[in-house]
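Observations on the model geometry
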Amino acid sequence: MARYHIETYGCTSNRGESRQIERRLRDAGHHRVEGAEEADVAILNTCTVVEKTERNMLRRAEELGDETADLIVTGCMALAQGEEFRDADVDADVIHWDEVPEAVTNGECPTTTPDAEPILDGVIGILPIARGCMSDCSYCITKKATGKIDSPPVEENVEKARALVHAGAKELRITGQDTGVYGWDDGERKLHELLDRICDIEGDFRVRVGMANPKGVHGIREELAEVFAENEKLYNFIHAPVQSGSDDVLGDMRRQHQVSEYVEIVETFDEYLDYWTLSTDFIVGFPTEEEEDHAQSMALLRETRPEKINVTRFSKRPGTDAADMKGLGGQVKKDRSKAMTDLKMDVVAEAYDDMVGETHEVLVVEEGTGDSVKCYDEAYRQVIVQNADDHGVEVGDFVDVEITGHSTVYAFGEPV
Ligand code: SF4
């Protein structure tokens, strides 16, 4: 639950994207503030029409980077010329509009929909499977709102999933603060069982599993990887936020898992799946993070090479134990965050480079800008198909595409 400041430049369509971002941030319990100095995170939704606009965007990004703890740059310039922010040494997370709501955290788990009930949004069905978590992370304020894990029975969630599919959902998004501990309040973790049952529902749809902390996943990693390998309906995607490559820092964060457990999860999924996406998060500049701890985080990122990475510069949340710890200097946090963001860009670009020339089956989930559509492939990597009308491609379709190139945050595909 963060305080955010948002600035939007450019056309009506870009303003529409900002409205959607704000709606999702509001639903997740974040608060908008007017001044960037009061915010935990600033969001710059950019435009790139002429060179002068580009220069203004870069200048504004530099200013906002100095004024707030965390800066997210999104919008047309971020997507088309994301490298320019990096070249200008701007310390920012440069991401797609869709990724902004998830990135506005302090490393905390996402809050589910306000009433934790399913929602159908176009062809996307959002299914919160439980509320709460099993942890007590020292930097987290979300826990105060959501409490301990409370898991409804598998059958109840399967029925909700079935209702969403019958209502037209083509993509089910399984959400919760920590999906990996679903069922643990009842004595055993049941995420794998639930996913298997949901995949048995008749229909042509895909399932995306939301954030699952490494501690919960580690105990069921074999079962889970097996369910992924056996069910084509599941996107081969897991989001397991490791947060640090140092066990000492993880201990101070009270994260419950160790680095080795996270690595074992990655190894297990590598054994079962040829093509999958590892998504993870790092908090940079936690109060007790020494230079050596930061080096270990960088090494872990290089070693496990996640295809999707959220980097968050630590900021204090009122009332949390981490807020009472003596913090690091702003410049130290900035330098480490910049170093990790640069590495992240290289790692992610490599994953996209590998896709070019391959053919993937994608599900079209939403209209994009102009005549484009947003799609996700088997491993939940975003693919944009342009001139959708000419190709006769519509939302809800499954299409085989050849990957022809990529930007910093998504691939481009051409129907084959
Ligand atoms: S797992 Fe940690 S960060 Fe997530 S909601 Fe629970 S206490 Fe907060």
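Residues numbered from 1 in each chain as written. Predicted model: local features only at pLDDT ≥ 70, side-chain atom pairs only at ≥ 80, totals over all residues. Heavy atoms only, no water.

For the coordinates displayed, the defined rule picks out 8 aromatic pairs. Ring centres of Tyr139 and Phe286 lie 6.4 Å apart, and the angle between their planes is 80°; this geometry places the pair in the edge-to-face category. Taken together, the residues Tyr139 in the loop between strand S7 (124–128) and helix H5 (142–146) and Phe286 in the loop between strand S11 (277–284) and helix H12 (291–304) connect sequence positions 147 residues apart. Classification of Tyr139 by relative accessible area gives buried; the value is 1%. (Phe/Tyr/Trp six-rings, centres within 6.5 Å; stacked < 30°, edge-to-face > 60°. Helix = DSSP H or I, 4+ residues; strand = E, 2+ residues; numbered from the N terminus. Buried < 20%, exposed > 50% of the residue type's maximum accessible area, 1.4 Å probe, protein only.)

Attention now moves to helix H7 (residues 191–199). Regarding H7, the residues found buried are Leu191, His192, Leu194, Leu195, Ile198 and Cys199. The buried residues of H7 all sit within an arc of 160° when viewed along its axis, so they share a single face. At its buried positions, H7 is contacted by S7, helix H6 (154–166), strand S8 (171–175), strand S9 (206–209) and helix H9 (221–230). (Arc of directions from axis to C-beta. Contact = heavy atoms within 4.5 Å.)

Mapped onto the secondary structure, Glu261 falls in helix H11 (residues 259–272). Ignoring any residue separated from it by four or fewer positions in sequence, one finds Glu261 in contact with Lys215, His218 and Gln256.

What follows deals with the UniProt feature "domain: TRAM" (unreviewed entry) in the chain. The positions UniProt marks with the feature "domain: TRAM" (unreviewed entry) are residues 353–416. Structurally, residues 353–416 comprises 11% helix and 48% strand, and the distance from its first C-alpha atom to its last is 19 Å. (UniProt positions renumbered as here; feature names shortened; annotations may be inferred.)

Spatially, 5 strands are ordered S13-S14-S15-S17-S16 in a closed barrel, and the strand pairing comes out mixed. Direction aside, neighbouring strands of the sheet carry axes that sit 55° apart on average. Summarising the sheet, strand S13 (residues 359–367) and strand S16 (residues 398–406) pair through 5 bridges and their orientation is antiparallel. Each bridged residue has a counterpart across the sheet, and for His360 the counterpart in S16 is Val401. (Pairing = 2+ DSSP bridges. Axes fitted to C-alpha atoms, helices over the stretch in contact; angles between N-to-C directions.)

We now examine the pairing of S13. The pairing of S13 with strand S14 (residues 373–376) spans 4 bridges and is antiparallel. Paired with Leu363 across the two strands is Tyr376, which belongs to S14. Remark: 5 residues form the turn of the hairpin made by S13 and S14, two consecutive strands paired antiparallel; Gly370 in that turn has positive phi of roughly 60°.

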